[in-house]
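# Tertiary structure, described
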Amino acid sequence: MTELPRNDLGSHDWAARASEALARAEKLPAGSMRSEAIRKAEQRGFAADMRKWLIPKKPNGAPKVTG
């Protein structure tokens, strides 16, 4: 997975990135690094869910860009 620049965070699929992060985390060997990676992936999933509710959309379905 490629890292996006900070100014491009609004234009990607947050849920897909959370899912990818969880899949990578689950492949790690058992231990504290795996637990932390899974926790962070779950946080990304929660953020993706919150983003759907909090970010208004344009009438055509594209996210509203502010700033």
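Here, the structure is the one placed above.
All values derive from a computational prediction rather than experimental measurement.

### Here we look at helix 1 (residues 14-26)
Over its 13 residues, helix 1 runs 18 Å from end to end, which matches the ideal 18 Å to within 8%, given 1.5 Å per residue. Residues R17, A18, A21 and A25 constitute the buried set of helix 1. Down the axis of helix 1, the buried set is contained in an arc of 100°. They therefore lie on one face. Buried residues belonging to helix 1 abut helix 2 (32-54).

### Some words on the pattern of salt bridges
Side-chain pairs of opposite charge can arise where the charged atoms are in close proximity. The full count for this structure, using the stated rule, is three salt bridges. Between D49 and K52 there is a salt bridge, with its nearest N and O atoms 3.8 Å apart. Here the residue D49 and the residue K52 both occupy positions in helix 2, the gap between them amounting to three residues, near one helical turn. Taking relative accessible area as the criterion, K52 reaches 60% and is therefore assigned exposed.

### Quick notes on helix 2
With 23 residues, helix 2 should reach 33 Å at 1.5 Å per residue; the first-to-last C-alpha distance of 32 Å fits that figure. Of the surrounding elements, those touching the buried residues of helix 2 are helix 1.

### Some words on a nonpolar patch on the surface
Together, M50, W53, L54 and I55 line one region of the surface with nonpolar side chains, adding up to about 510 Å² of accessible area. By secondary structure assignment, the location of L54 is in helix 2. Accessibility expressed as a relative area gives 63% for L54, which makes it exposed.

### Overview of the packing of helix 1 against helix 2
Following both chains from N to C, one finds helix 1 and helix 2 inclined at 165°, their axes separated by 8 Å at the closest point. Regarding the angle of helix 1 to helix 2, the classification is roughly antiparallel. Relative to helix 2, the crossing made by helix 1 is left-handed. Residue-level contacts link W14, A15, R17, A18, A21, L22, R24, A25 and E26 of helix 1 to R34, A37, I38, A41, R44, G45, A47, A48 and R51 of helix 2.

Rules used throughout
- Residues numbered from 1 in each chain as written.
- Predicted model: local features only at pLDDT ≥ 70, side-chain atom pairs only at ≥ 80, totals over all residues.
- Heavy atoms only, no water.
- Helix = DSSP H or I, 4+ residues; strand = E, 2+ residues; numbered from the N terminus.
- Expected span 1.5 Å × (residues − 1).
- Buried < 20%, exposed > 50% of the residue type's maximum accessible area, 1.4 Å probe, protein only.
- Arc of directions from axis to C-beta.
- Contact = heavy atoms within 4.5 Å.
- Salt bridge = Lys/Arg side-chain N within 4 Å of Asp/Glu carboxyl O.
- Patch = residues over 30% accessible without salt bridge, like charges linked within 9 Å, V, L, I, M, F, W, Y side chains within 5 Å.
- Areas by Shrake-Rupley, 256 points an atom, 1.4 Å probe, with all protein chains shown as cover.
- Axes fitted to C-alpha atoms, helices over the stretch in contact; angles between N-to-C directions.
- Parallel < 35°, antiparallel > 145°, perpendicular 65-115°, else oblique.
- Left-handed = near helix turned anticlockwise from the far one by under 90°.

That's the geometry; what it means functionally is another story.
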